[in-house]
Amino acid sequence: MTSGFFDLSKRAGCHNVIHLYGNIDRNFCPHCGRIYDADYILTHKPLPLCEKCGTLIHPGIALSGEMLDRRTMNRAIELISSADILLVVGTDLQSRLGSMAKYFTGDRICLINATDHYSDEAADCVCIGNIAKIMHEAYPVARSAG
Ligand SMILES: [Zn+2]
């Protein structure tokens, strides 16, 4: 059973997570809209087809070149713009995700990334190095949700 396996933020115990790029456990038929979890995709070879209409199932994530869901983006922007502190982890401030920091109007942007980037100077706090180690040191009480 792999359902939920790929949702690292959920496994890490995070709440109120917005999946900007979608969720691999919510794959869908582009013809009839039926939803399929990751288990279905992994167990139906060579191609996962819709049980109802036979159409090739689309991954629940945005593929390269596809637009992100506007409602999801708007919700993320709303939360970013109302936050007091923005923690950016695993990306730089010029990336597609990191550039969303432009909507932040709060007090401090804290950036944790594996490598430095010229855009780091826009953050108030920057930690460069092993992200897992830095996060564990910053949040030592965090436990895996299993
Ligand atoms: Zn279908």
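Residue positions within a chain follow its written sequence, with the count starting from 1. At least 70 in pLDDT is required for a residue's local features to be given in this predicted model, at least 80 for side-chain atom pairs to be given and counted, and no such filter applies to totals for whole chains, interfaces and linings, which use all residues. Side-chain descriptors were evaluated using all non-hydrogen atoms of the structure, hydrogens and water having been removed beforehand.

Here's the deal with the environment of Leu49
Cut-off, in case you're wondering: For the purposes of this entry, the term helix denotes a DSSP run of H or I that reaches at least four residues, the term strand denotes a run of E that reaches at least two, and both are numbered from the N terminus.
Along the chain, Leu49 turns up in the loop between α2 (38-43) and α3 (70-82). Between the C-alpha atoms of Leu49 and Cys29, which are 20 residues apart in sequence, the distance is 8.1 Å.

Thoughts on the sheet that holds strand β5 (residues 125-128)
For clarity, the threshold we go by: Strands are treated as partners if at least two bridges between them are detected by DSSP. Axis lines are fitted to C-alpha atoms, over the contacting stretch for helices. Their N-to-C directions set the angle, which ranges from 0 to 180 degrees.
The parallel open sheet is built from three strands, whose spatial order is β3-β4-β5. Among the strands making up the open sheet, the edge pair consists of β3 (85-89) and β5. Sheet twist, expressed as the mean angle between neighbouring strand axes with direction ignored, is 10 degrees. When β3 meets strand β4 (residues 108-113), the two strands line up parallel, connected through five bridges. Bridge pairing links Ile85 to Arg108 in β4.

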